[in-house]
Amino acid sequence: MNIAKDWKDYEIIDMADGEKLERWNNIKLIRPDPQIIWKDKLFPNEWKKANAIYKRSSNGGGGWSYNSKLPQSWQVKYKELTFNIKPMGFKHTGLFPEQAVNWDWMINKIKNAKRPIKVLNLFAYTGGASVACLYAGASVCHVDSSKGMVSWAKENVISSKLQDKPIRYIVDDVIKFVKREIRRENKYDAIIMDPPSYGRGASRRGMAI
Ligand SMILES: C[S@@+](CC[C@H](N)C(=O)[O-])C[C@H]1O[C@@H](n2cnc3c(N)ncnc32)[C@H](O)[C@@H]1O
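Since the model is a prediction, treat every value here as computed from it, not as a measurement.

(A) Focus on the sheet that holds strand β9 (residues 139-144). Pairing within the open sheet is parallel, and its four strands lie in the order β10-β9-β8-β11. Both edges of this open sheet fall to β10 (167-171) and β11 (190-193), since each of them pairs with a single strand only. Taken over all neighbouring pairs, the strand axes of this sheet differ in orientation by 15 degrees on average, direction set aside. Direction of pairing for β9 relative to β10: parallel, over a ladder of five bridges. Bridge pairing in β10 places D144 opposite V171. Strand contacts of helix α3 (residues 128-136): β8 (118-122), β9, β10 and β11, with the helix running at about 170 degrees to β9, the strand carrying the most contacts.

(B) Molecular detail of the pairing of strand β6 (residues 74-78). Pairing of β6 with strand β7 (residues 81-85), which is carried by five bridges, proceeds in the antiparallel orientation. Each residue of the ladder has a partner; that of V76, found in β7, is F83. Linkage of β6 to β7, two consecutive antiparallel strands, is achieved through a turn of two residues, within which K79 is found at a positive phi near 55 degrees.

Analysis parameters
Residues numbered from 1 in each chain as written. Predicted model: local features only at pLDDT ≥ 70, side-chain atom pairs only at ≥ 80, totals over all residues. Pairing = 2+ DSSP bridges. Helix = DSSP H or I, 4+ residues; strand = E, 2+ residues; numbered from the N terminus. Axes fitted to C-alpha atoms, helices over the stretch in contact; angles between N-to-C directions. Contact = placed C-beta atoms within 7 Å.

What follows is the structure in structure tokens.
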């Protein structure tokens, strides 16, 4: 497994008892993580400084409780990429920081290709990979069925100052879009797929995920 170790604006400060304490720029969040099975905190005092905590409820949902007033959104930088962070439902913040190793891998591949690269990013979410590929010089087709996520991806492209680069945003079901692209005989050099464990599109029963 490759570790995302080049972050400056993000760090995991501590992990214990099914929760992790993270720093997102200057804001500290506590979020549940079922993989954290050990009990003891290394830095118990640091946990008291968290700005917000996401607590799961017994019915499977959950919500944020705030120890201090947070901005509606704030930014974290990864190298030259800038992402907008917002505490959302399902403990999400709009970014998977562990993906940074994959962004670096993609950037490296695209830059070393020495030819124009067309990337299709499926289940593209808030556009972490789209931003990285655009930055590296690729043209990107960004597909997600959630209009809100596509708007958020546009914000990330703008905050990374890549709005003049070639990106096409598609709000659609991945299966429907891919079928259309096959009919149109559109080809890509690279396809990124990071599907969730549940589908949102009309044809989700057809998805092997
Ligand atoms: C887990 S996120 C992907 C994370 C992303 N690759 C990243 O690293 O930032 C899954 C995304 O898939 C989208 N999605 C789920 N089912 C979909 C479908 N059938 N068609 C298109 N997008 C879908 C959701 O809206 C969500 O934004």
